[in-house]
Amino acid sequence: MIRAQYRLSGLAITDHAFDVPLDHTDPARGTTEVFAREVVDPARADDRLPWLLYLQGGPGGKSPRPLNATSGWLGHALRSHRVLLLDQRGTGRSTPLTARTAARFPSAGALADHLARFRADSIVADAELIRRQLCGDEPWETLGQSYGGFVTLSYLSFAPEGLRACYITGGLPGLDTTADDVYAATYPRVREKTTAYYARYPGDRQLVCRLADLLDRSPVHLPDGDRLTVRRLRTLGLMLGMGDGFERLHWLLDEALDLDGEPSATFLHQVMNLTAFTDNPLFAALQESIYGRPGAATGWAAARAMATRPEFAEDADPLLFTGEMFHPWTFEEITGLRPFAEAVHLLAERTDWPALYDPVRLAANRVPIAAAIYHDDMYVDAGLSLRTARTVGSLRTWVTNEWEHDGVTASGDRVLARLMDLAAARI
């Protein structure tokens, strides 16, 4: 269904809405709506162009909202493609799953069962239904950023006939890795990023310790009423894996204290926005479930891993930040995540996960794939990505330390341009 057509900063845009089964294995369970935004160069709006489906990172991230047609990966893609910016189910305008809607479920079990249908297998089934409506039998290309790369490997496992070529940026998953494997690799990288951050901004090490002392000494509340604890403060480390993350964190801390030496209103407001997960609760709720494998529970892997690492203790010096990892306390202390708490506990115990990847089919793959692997990636371990790359057919890799995890956006058009050349064997 076309919802709207309009022009924006040199872009011809068509908003689409699709009714898809909530459970593709049991359509009788009802439907949910998935939104996608078609973008094309106005001068080529009537041309027959190949489609490029953009798969956002996350989980739980909505597709980017375009600002103009001249910059970044989108500008490069629009020279030759019609782009579809998909809001994956539950995000953006795709029947969003929020704290308010989560609170309406009759039980934690019902919400957990619902959340279990928001993994990559369901996203791929949605995408195939949409492709057939928009393209008929024509395959399309995909650009998968971060978790979008995970979705891409699921797509290649279950519906490769729908794909002409795939580009992956910072998102080659381990095909057989568990959540425990992921966090065993993640914590050392987060420690290294924190150490590098303090080396660049040595004054911030003392400032972070001072803030922690203030938070321990007396309650400090964010504008929404949540208490700012030391462990919530440390989640600001999530930004350290991005290209400008060190600077963004530094300037945030630059205004952390007011003239009385107390946490400033500006600082508290920004911390609330950065750590409340109001607009992407699925990022927190599904973070470990994306690693769920048949017969194995994730069991709060991030929390268990941190408990074995004394350098991450809250009284350690230096005080280390944390990253893309969620613990039980997150769903107890953050207002917007509390409605998910019991359901996420159930997901952590779940063992009946379907497989998300087919190693045999991936080994025999013939769809051209080009993947950028960021050597210093804080979120997706380069070693695990390279191990996967050696087992997937028709996959070419570009390993680089020039960019961090957000290289596809931070590089302008350079990352996508190189991946397109790789996939087409032009380089």
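Give a detailed account of the overall build of the chain, specifying residues and quantitative values.
Along its length, the chain carries 18 helices and nine strands. Expected size for 427 residues packed as a compact globule is a radius of gyration near 22 Å; at 22 Å, the chain falls within 12% of this value. For the chain, the spread of C-alpha atoms along the three principal axes comes to 65 × 45 × 45 Å. Expressed as a percentage of the 427 residues in the chain, the buried residues total 57%. Put simply, of all contacts in the chain between residues at least 6 apart along the chain, 75% involve residues at least 24 apart. By element, 51% of the accessible surface of the chain is carried by carbon and sulfur atoms, the whole surface being about 17,500 Å².

I'd like a rundown of the packing of aromatic side chains, residues and numbers included.
Going through the model one piece at a time under the given rule, you end up with 13 aromatic pairs. Here the aromatic rings of Tyr 54 and Trp 73 are separated by 4.6 Å at their centres, their planes lie at 15 degrees, and the arrangement is stacked. Residue Tyr 54 is located in strand S4 (residues 51-55), and its partner Trp 73 is located in helix H1 (residues 72-77); the two are separated by 19 residues in the primary sequence. Residue Tyr 54 shares its accessibility class with Trp 73, and that shared class is buried. Judged by centre distance (5.6 Å) and plane angle (55 degrees), the rings of Tyr 197 and Tyr 201 are tilted. Taken individually, Tyr 197 and Tyr 201 each receive the classification buried, so the pair is uniform in this respect. Aromatic ring contacts, followed pair by pair, group Tyr 197, Tyr 198, Tyr 201, Phe 246 and Phe 321 into a single cluster.

Lay out the pattern of salt bridges with the relevant residues and their values.
A full pass over the atoms with the stated rule returns 29 salt bridges. Glu 311 is paired through a salt bridge with Arg 191; the nearest N and O atoms lie 3.3 Å apart. One end of the pair, Glu 311, is in the loop between helix H12 (301-307) and helix H13 (330-333); the other, Arg 191, is in helix H6 (residues 179-200), with 120 residues separating them in the sequence. Its relative accessible area of 26% is what places Glu 311 among the partly exposed residues. The class of Arg 191 is partly exposed, set by a relative accessible area of 28%.

Just give me the short version of helix H14 (residues 341-349), but keep the residues and values in it.
For H14, the full list of buried residues reads Ala 341, Ala 343, Val 344, Leu 347 and Ala 348. Looking down the long axis of H14, one finds its buried residues gathered within 160 degrees of arc, a one-sided arrangement. Residues Glu 342 and Glu 349 are exposed on H14 and point more than 90 degrees away from its buried face. As for H14, its buried residues are in contact with helix H3 (108-115), helix H11 (281-285) and H13.

An account of the layout of surface pockets is needed here, citing residue identities and associated values.
The calculated volume of the largest pocket comes to roughly 1,200 Å³. Looking at the lining of the largest pocket, the elements with two or more residues in it are helix H8 (230-234), helix H10 (265-275) and helix H17 (407-410). Partitioning the lining of the largest pocket into residue classes produces 18 nonpolar, 17 polar and 10 charged.

Can you break down the nonpolar core residue by residue, with the values?
Counting 84 residues, the largest nonpolar core has Trp 140, Tyr 183, Tyr 197, Leu 249 and Phe 267 as the members making the most contacts within it. Here Phe 267 is in contact with Leu 211, Leu 228, Leu 233, Leu 252, Leu 253, Glu 255 and Ala 256, once residues within four sequence places are set aside.

With reference to specific residues and values, describe the side chain of Arg 131.
Among the secondary structure elements, Arg 131 is positioned in helix H4 (residues 120-135). In terms of polar contacts, Arg 131 uses its side chain to reach the backbone carbonyl oxygen of Glu 138, at 3.0 Å. For Arg 131, the contacting residues outside a window of four places in its chain are Gly 136, Asp 137, Glu 138, Pro 139, Trp 140, Tyr 155 and Gly 162.

About the criteria used
Residues numbered from 1 in each chain as written. Predicted model: local features only at pLDDT ≥ 70, side-chain atom pairs only at ≥ 80, totals over all residues. Heavy atoms only, no water. Helix = DSSP H or I, 4+ residues; strand = E, 2+ residues; numbered from the N terminus. Rg over C-alpha atoms; globule rule 2.2 N^0.38 Å. Buried < 20%, exposed > 50% of the residue type's maximum accessible area, 1.4 Å probe, protein only. Contact = heavy atoms within 4.5 Å. Areas by Shrake-Rupley, 256 points an atom, 1.4 Å probe, with all protein chains shown as cover. Phe/Tyr/Trp six-rings, centres within 6.5 Å; stacked < 30°, edge-to-face > 60°. Salt bridge = Lys/Arg side-chain N within 4 Å of Asp/Glu carboxyl O. Arc of directions from axis to C-beta. 1 Å grid on protein atoms, 1.4 Å probe; cavity = no way out; pocket = protein on both sides within 12 Å on 5 of 7 lines; lining within 4 Å. Points joined across faces, edges and corners; volume = space filled by probe spheres on them. Nonpolar A, V, L, I, M, F, W, Y, C, P; charged D, E, K, R; others polar. Core = buried A, V, L, I, M, F, W, Y, C linked by side-chain atoms within 4.5 Å. Polar contact = N/O pair within 3.5 Å; in protein donor to acceptor, adjacent residues only side chain to side chain.

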